[in-house]
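# Summary of the model geometry
Read off the chains here:
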Amino acid sequence: MEESIDDKKLLELEEKEQYNSYQEELGFAKELNILRNDFYYQMDGDVDSFLLIDFLYSPLDTLSGDAYTSRKLDEYRTFYLVVDGMGKGLSASLTSMIMTSFTNHIIDKMIQHDHFDLYLLVHETLHYIKKILLEEEALSIDYIVIDRELNDINYAKFSMPPLLMQTKEGEVIRLRSNNPPMSKYQDDFKVSSYDIQNIEKFLFYSDGIVENTTICEGMPYSDFIEEDFRTSFTKREFIDKMYQKMSDQEDDYTLTFINRLDFDRDSCIARKEFDSSLAEVEVANEWYSEVWTGLSENVKVAYRAGVVFTELYMNAYEHGNLGIDSSTKHKLIEEDTYLDALLETEKGNSKKIIVTLDKVTHSSSTYIVTKITDEGKGFDTQILSEIFRNSKSFNGRGVFVSRKNSMGIYYNVKGNTVLFLSKI
């Protein structure tokens, strides 16, 4: 009888645990829907002058006190939000998510009416959240707008860590908060601006990163972040340096890493145009391999660049110029008619694929930027979020492999140009 009761209690506990786990999964899925990111693996700008935008969102628990948003306001302006709720747990998470959701709602309305105003956005969201904050509760938050046309950054920082920027000469500039933390009794705030004509990199982040202790005699990561940022060309390099110094994660991590690239004739080291044919796929791979032979003696680096090029070039050929979608490709492969379909579809196709390679130097290191442009309809890069959450998915495996073997891949808005980074 006792065993029967124990078994029943155990079953009830298991069911409760499964239910709680299911609710946590739903809660986290809802958080990801609230966090708006218009630049998921997407560059901001054209192929000669653009921003490479990368993110890290790593909650300590399922319900995060951190939140972020990145929005494309128009052709030249981008908006970034970083929210850090006071404390941990449900209360901090609710505050952050409510604030992020309402901010995105206001931005949607402003974009709809083609009138974005940072001061008005801060004013409206501040007065909204004041009614929700508890007596002793405070909110740290960054509102940031980068304008590539006017070359300025406008910001309202409420008790957030300094925004880091690096000049073309390698100097790191710190933009400190110009407002106290948001509270229930706050009315006034300040919006400031800074000329970014000479700025090539940006980093903004929540305090969970800089307050985390390191393996370096227990010092906080704030003692190292500036130098790691200065010597990192990409988010991947920065993250690698950060995690090498970190002890266990102690709080939520949220950061945005932005690199501005400007190309000219001097930076271009190779360019070639190819026809949309299966035969040209092999020609393009051979050409790319020959170019790399003259760039680096590191066989491993050249091989990985070749793997990425093969995958992304094939995507440009079959999905871009031939217009064969993933489901159709999957079906053709199952029917063992894929190659025949490619040869038939490419007949009479006059679309081209253009490949260019640019060389960039940063902090005594050299990087190769490979760009592949097709003449197809493009695609919405937001679908990559589902692919990368499920790496075993058949569709999109080429993009997944490309991300793993490069220092970053980025598409243009249309989705018919992709670039990837390799370090020599």
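The notes below deal with the structure included here. The shown structure was predicted, so the numbers you read here are calculated from the model rather than taken from an experiment.

## Examining the overall build of the protein chain
Scanning the protein chain from N- to C-terminus turns up 12 helices and 16 strands. Looking at the 424 residues of the protein chain, the share that counts as buried comes to 50%. Across the protein chain, every contact between residues at least 6 apart in sequence was considered, and the portion connecting residues at least 24 apart equals 70%. Accessible area of the protein chain: about 20,900 Å², with a carbon and sulfur share of 49%.

## Description of the sheet that holds strand β2 (residues 49-58)
Strand order across the open sheet formed by six strands is β1-β2-β11-β10-β7-β8, with antiparallel pairing between neighbours. Strands with a single pairing partner mark the edges of an open sheet, and in this sheet they are β1 (44-45) and β8 (172-175). The pairing of β1 with β2 spans two bridges and is classified as antiparallel. Pairing of Gly45 across the sheet is with Phe50, part of β2.

## Overview of the pattern of salt bridges
Evaluation of the coordinates by the stated rule reveals 16 salt bridges. Asp275 is the partner of Lys352 in a salt bridge, and the nearest nitrogen-oxygen pair spans 2.3 Å. Of this pair, Lys352 sits in strand β13 (residues 352-362) while Asp275 sits in strand β12 (residues 268-275); the two residues are 77 residues apart in sequence, bridging distant segments of the chain. In this structure Lys352 comes out as partly exposed when scored by relative accessible area, which is 27%. Counted as one network, the salt bridges with shared partners bring together Arg36, Asp38, Arg71 and Asp108.

## A short note on the side chain of Ser232
For Ser232, the position within the fold is in the loop between α5 (225-230) and α6 (235-245). If we ignore the near neighbours within four places in the chain, the residues touching Ser232 are Lys201, Glu237, Phe238, Lys241, Phe257 and His362.

## Thoughts on the pairing of strand β6 (residues 152-158)
Across the seven residues that make up β6, a large majority, six, are buried. In the sheet, strand β5 (residues 139-147) pairs with β6 via seven bridges, with the strands oriented antiparallel. Bridged to Ile144 within β6 is Tyr155. In sequence, β5 turns back onto β6 through a hairpin of four residues, with Asn151 there showing a positive phi of about 55°.

## Remarks on the sheet that holds strand β4 (residues 77-85)
Across the sheet, which stays open at both edges, the five strands sit in the order β3-β4-β5-β6-β9 with antiparallel pairing between neighbours. The open sheet has two edge strands, β3 (66-72) and β9 (192-195), and neither has a second partner. Here the average twist between neighbouring strands, direction ignored, is 15°. Running over the sheet, helix α2 (residues 90-112) touches β3, β4 and β5 and is turned about 10° from β3. Contacts between helix α3 (residues 118-129) and the sheet are confined to β4, β5 and β6, with β5 contributing the most and set at about 165° to the helix.

## Thoughts on α3
Helix length check: α3 (12 residues) gives 16 Å between terminal C-alpha atoms against 16 Å at 1.5 Å per residue, within 8%. Turning to α3, its buried residues are Leu118, Leu121, Val122, Thr125, Leu126 and Ile129. Down the axis of α3, the sector holding all buried residues measures 120°, keeping them to one side. On its buried face, α3 is in contact with β4, α2, β5 and β6. Measuring from the side-chain oxygen of the N-cap residue of α3 to the backbone nitrogen of Tyr119 gives 3.0 Å; that N-cap residue is Asp117.

## Structural notes on the pairing of strand β10 (residues 199-205)
Successive side chains on a regular strand alternate, one facing one side of the sheet and the next facing the other. Most of β10 is tucked away, with seven of its seven residues classed as buried. Bridging between strand β7 (residues 163-167) and β10 involves four bridges; their strand directions are antiparallel. Counterpart to Thr167 in the pairing with β10 is Ile199.

## Observations regarding a nonpolar patch on the surface
On the surface, Leu63, Leu90 and Leu94 cluster together to form a nonpolar patch covering roughly 270 Å² of accessible area. Relative to the helices and strands, Leu63 resides in the loop between β2 and β3.

## Comments concerning the side chain of Asn416
With respect to the secondary-structure elements, Asn416 resides in the loop between β15 (409-411) and β16 (417-423). In this structure Asn416 comes out as buried when scored by relative accessible area, which is 10%. Within the structure, Asn416 has its side chain in polar contact with the side chain of Asn412 (distance 2.9 Å). If we skip the residues at most four places from it in the chain, Asn416 touches Ile372, Thr373, Asp374, Gly376 and Gly378.

Cut-offs and rules
- Each residue is numbered by its place in its chain's sequence as written, counting from 1.
- Predicted model: local features are reported for residues with pLDDT of at least 70 only, side-chain atom pairs are reported and counted for 80 or more only, and whole-chain, interface and lining totals are derived from all residues.
- For the side-chain quantities, the full set of heavy atoms in the structure was used; hydrogens and water were omitted.
- Elements are defined by DSSP. Helices are runs of H or I of four residues or more, strands are runs of E of two residues or more, and each kind is numbered from the N terminus.
- Buried residues are those whose accessible area, probed at 1.4 Å on protein chains only, stays under 20% of the maximum for their type, while exposed residues exceed 50% and partly exposed ones sit between those limits.
- The contact definition used throughout considers only heavy atoms, calling two residues in contact when any of these lie within 4.5 Å.
- For the accessible areas, the method is Shrake-Rupley and the probe is 1.4 Å, while residue cover comes only from the protein chains on display.
- We treat two strands as partners when DSSP finds at least two bridges between them.
- Any carboxyl oxygen of Asp or Glu within 4 Å of a side-chain nitrogen of Lys or Arg constitutes a salt bridge here.
- All axes are obtained by fitting lines to C-alpha atoms, using only the stretch in contact for helices, and the reported angles, taken between N-to-C directions, cover 0 to 180 degrees.
- Expected span, for any helix, means 1.5 Å times one less than how many residues it has.
- Think of it as the arc spanned by the lines of direction from the helix axis to the C-beta atoms.
- In protein, a polar contact requires one atom able to donate a hydrogen and another able to accept it; more generally it is a pair of N or O atoms within 3.5 Å, and residues adjacent in sequence count only if both atoms are side-chain atoms.
- Residues with no salt bridge and a relative accessible area higher than 30% make up the patches, which join like charges within 9 Å and nonpolar side chains (Val, Leu, Ile, Met, Phe, Trp, Tyr) within 5 Å.

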